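Fold and contact review
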Amino acid sequence: MAELVLRNKNILKKLDWIKSEVLKSKLFEDRDLFNTYMVYHDSGKEAKTNPEQFLSENWLFKKMSDPNHKGHPKEYASFPVSEMEKRDERVRNVNHYARNEFIRELGAEDHAVFLWYPPGGFVGWHTNQNNPGYQFIFSWSEKGDGYFQYYDKKENKIIKLPDKPGWQVRNFHFGATEEEHCWHSAYTNVNRITVCALFRYWDKPHLKDQVKQLRDELIDEIESE
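Residues numbered from 1 in each chain as written. Predicted model: local features only at pLDDT ≥ 70, side-chain atom pairs only at ≥ 80, totals over all residues. Heavy atoms only, no water.

Things to note about the overall build of the protein
Per the secondary structure count, the protein includes seven helices and 11 strands. The C-alpha radius of gyration computed for the protein amounts to 17 Å, which stays within 12% of the reference 17 Å derived for 225 residues, consistent with globular compactness. Expressed along its principal axes, the backbone C-alpha trace of the protein runs to roughly 50 × 40 × 30 Å. Scored against the burial criterion, the 225 residues of the protein give a buried share of 50%. Considering only contacts within the protein whose residues lie at least 6 apart along the sequence, 80% involve residues at least 24 apart. Surface accessibility of the protein: about 11,200 Å² in total, with carbon and sulfur atoms responsible for 45%. Charge centroids of the protein, computed over 33 positive and 36 negative side chains, lie 2 Å from each other. (Helix = DSSP H or I, 4+ residues; strand = E, 2+ residues; numbered from the N terminus. Rg over C-alpha atoms; globule rule 2.2 N^0.38 Å. Buried < 20%, exposed > 50% of the residue type's maximum accessible area, 1.4 Å probe, protein only. Contact = heavy atoms within 4.5 Å. Areas by Shrake-Rupley, 256 points an atom, 1.4 Å probe, with all protein chains shown as cover. Lys, Arg positive; Asp, Glu negative; His and termini not counted. Charge placed at Lys NZ, Arg CZ, Asp CG, Glu CD.)

The structure is reproduced here in structure tokens:
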């Protein structure tokens, strides 16, 4: 895991445009519409009353002992921008750009997620083993009141990384084998927008070293002024 310093003004300009376009959605204004289409998966009412139970240590160990875990999260409360587009055409352009052009401009070939987390939004413990690779998580927080966390196998503890106001970038390797699993989750008390770029290699294992080199080049780009 690496928490990066976003110094690249060109990338930051693109991210700020993505954020500003998402915030134009009428879903921010119409709470009834928002509540109608907010996505709660396998968490229901408990996601509204006690969402952080799905980010607890006990819940992590429960997930780790589940032989049926496939990699994707089972508990979450968020709004995919692709779903927002179905209700608000104002986000159509930014949804297409963030999931396609922006990813390619970074040198990646796939997007993982493009989400809006409202206050109280979260994603529970999962590994992404179903879509392994080197992933860059770009997250914007309205006020910094939230966090990303992962389980450190070597230290045998949960590492919590507080959000800060504005954009932050984190890079993770999500592997397919049990030895490479990276359990992680996130929560926010304020509006949070996340877009992820994936340098995948599961469909071309013979190119893993080249894919890793592309990842390293993007890290240098992100941290260069």
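Let's pick the thread back up.
Concerning the nonpolar core
In terms of nonpolar packing, the biggest core is built from 36 residues, with M84, F114, F136, F138 and I222 touching the most fellow members. Put simply, the parts of the chain that give this core at least two residues each are α1 (9-22), α5 (81-87), α6 (92-105), β4 (110-117), β6 (133-141), β9 (166-174), β11 (192-200) and α7 (208-222). The greatest single-element share of this core, amounting to five residues, is contributed by α6. Aside from chain neighbours lying at most four places away, what touches F114 is I18, V22, P80, V81, V94, N95, A98, R99, I193, T194 and V195. Membership of the second largest hydrophobic core comes to 12 residues, among which are Y117, I137, F148 and A186. (Core = buried A, V, L, I, M, F, W, Y, C linked by side-chain atoms within 4.5 Å.)

Describing the pattern of salt bridges
All told, the structure shown has 14 salt bridges when counted by the stated rule. Residue R200 pairs with D110 through a salt bridge whose shortest N-O separation is 3.5 Å. Linking R200 in strand β11 with D110 in strand β4, this pair joins segments that are 90 residues apart in sequence. Connected through shared salt-bridge partners, E3, D163, R170 and R192 make up one network. (Salt bridge = Lys/Arg side-chain N within 4 Å of Asp/Glu carboxyl O.)

Observations regarding the packing of aromatic side chains
All chains considered together, the criterion is met by 12 aromatic pairs. Ring centres of F61 and Y151 lie 6.4 Å apart, and the angle between their planes is 90 degrees; this geometry places the pair in the edge-to-face category. Here the residue F61 occupies a position in helix α4 (residues 57-64), and Y151 occupies one in strand β7 (residues 146-152), the gap between them amounting to 90 residues. A ring pair is formed by F148 and F172, whose centres lie 5.0 Å apart and whose planes are at 40 degrees; its orientation type is tilted. (Phe/Tyr/Trp six-rings, centres within 6.5 Å; stacked < 30°, edge-to-face > 60°.)

Some words on the side chain of K19
You can see K19 is positioned in helix α1. Buried K19, no salt bridge; nearest opposite-charge side chain is D16, N-O distance 4.5 Å. In this view, K19 contacts W140, W167 and I193; residues no more than four positions away in its chain are not counted.

Details of α7
The end-to-end C-alpha distance of α7, which contains 15 residues, comes to 21 Å, matching closely the 21 Å that a straight helix rising 1.5 Å per residue would cover. Along α7, the residues that are buried comprise V211, R215, L218, I219 and I222. Seen from one end, α7 has its buried residues packed into an arc of 105 degrees, which puts them on one side. Turned more than 90 degrees off the buried face of α7, the exposed positions are D209 and D220. Of the surrounding secondary structure, the elements contacted by the buried residues of α7 are β1 (2-4), α1, β6, β9 and β11. (Expected span 1.5 Å × (residues − 1). Arc of directions from axis to C-beta.)

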